[in-house]
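Chain and residue survey
One letter stands for each residue in the lines below.
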Amino acid sequence: MYTRREITHQRMKALLKKHIQNRVAISNSEADKFCDLFAQRTVKKKSFLLRKDEICRFEGFVTKGLFRIYHLDHNGFEQILYFAMEDWWLTDIDSFNNQTPSQLFIEALEDSEVLLISKEDKEYAYENIAGIEKLFRTMTQKTHTVLQRRMIDSMSKSAYERYIDFIQTNPGIAQRLTNLQVAAYLGISHEFLSKIRRKIQQQGQT
């Protein structure tokens with residue numbers, strides 16, 4: 001008889017296995033071997049997986065819930081790098097790879113569940129499990145592409161255009177966020193975001 005925790009862990013690993021096999025050619029046994037390297041973690045809303053100045057010792061796969069990854073500028077204002085929901089990965093890649101103090105916070109915005117792999121176990125997987133290095137190389141390339149596009153958009157598009165892009169590209173996330181969180185992601189004030197939303201509502205009524 002399995003415990004509730006064991007059942008939850010098996011469900012979480014099944015989601016990770018499906019994610020992997022949708023992206024790289026890998027056998028069931030090799031996928032299972034990789035998934036067994038992950039530890040289960042439950043994170044309550046408003047709790048942190050990582051705080052500034054801690055060393056990030058994990059790369060995580062979200063199976064339930066929503067996280068924000070952000071840092072504080074010199075004035076104490078939040079600047080959100082990205083959100084991570086179900087079927088997304090999260091980490092501080094700089095701190096994780098170099099084992100140096102993080103500049104980021106990783107906070108759960110909802111009661112969440114995540115699978116975590118250590119740097120040592122990830123390196124073991126690279127060397128011993130076929131397809132895993134390709135999986136993370138593909139993920140890294142995708143991440144770099146998304147970050148580059150966001151940088152270009154921040155320099156070339158208005159806040160209104162960036163907001164429209166955000167809600168159209170990420171409808172599953174946008175509906176789960178507060179206006180303050182969306183504003184912090186876009187790099188604008190809450191008041192300015194309210195003006196943008198009023199403008200959209202007015203356009204919808206005309």
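What comes next concerns the included structure. (Residues numbered from 1 in each chain as written. Predicted model: local features only at pLDDT ≥ 70, side-chain atom pairs only at ≥ 80, totals over all residues. Heavy atoms only, no water.)

Of all 8 residues that make up helix α8 (residues 179-186), 6 are buried, and the element is covered over most of its length. Looking only at α8, the buried set comprises Gln-181, Val-182, Ala-183, Ala-184, Tyr-185 and Leu-186. Among the residues trailing α8, Gly-187 stands out with phi positive, at a value near 75°. (Buried < 20%, exposed > 50% of the residue type's maximum accessible area, 1.4 Å probe, protein only. Helix = DSSP H or I, 4+ residues; strand = E, 2+ residues; numbered from the N terminus.)

This paragraph deals with the state of the cysteines. Here the structure, examined in full by the defined rule, presents 0 disulfides. Distance from the sulfur of Cys-35, which forms no disulfide, to the nearest cysteine sulfur (Cys-56) is 19 Å. The class for Cys-35 is buried, based on a relative accessible area of 2%. (Disulfide = S-S within 2.5 Å.)

As a further point, take the packing of helix α1 (residues 4-21) against helix α2 (residues 28-35). Relative orientation of the contacting elements α1 and α2 amounts to 125°, with a least axis distance of 10 Å. Viewed along their axes, α1 and α2 adopt a mutual orientation that is oblique. For the pair α1 and α2, the sense of crossing is right-handed. For the pair formed by α1 and α2, the contact residues are Lys-13, Leu-16, Lys-17, Ile-20 and Gln-21 on the first element and Asn-28, Ala-31, Asp-32, Phe-34 and Cys-35 on the second. Residues of the contact of α1 with α2, tallied by class, amount to 5 nonpolar, 2 polar and 3 charged. (Axes fitted to C-alpha atoms, helices over the stretch in contact; angles between N-to-C directions. Parallel < 35°, antiparallel > 145°, perpendicular 65-115°, else oblique. Left-handed = near helix turned anticlockwise from the far one by under 90°. Contact = heavy atoms within 4.5 Å. Nonpolar A, V, L, I, M, F, W, Y, C, P; charged D, E, K, R; others polar.)

Look at Asp-53: it is not a glycine, yet its phi comes out positive at around 80°. Take Asp-53: it is sitting in the loop between β2 (48-50) and β3 (59-64). Of note in this structure, Gln-99 is not a glycine but carries a positive phi near 55°. Residue placement: Gln-99 occurs in the loop between α3 (93-98) and β7 (105-108). Taking relative accessible area as the criterion, Gln-99 reaches 26% and is therefore assigned partly exposed.

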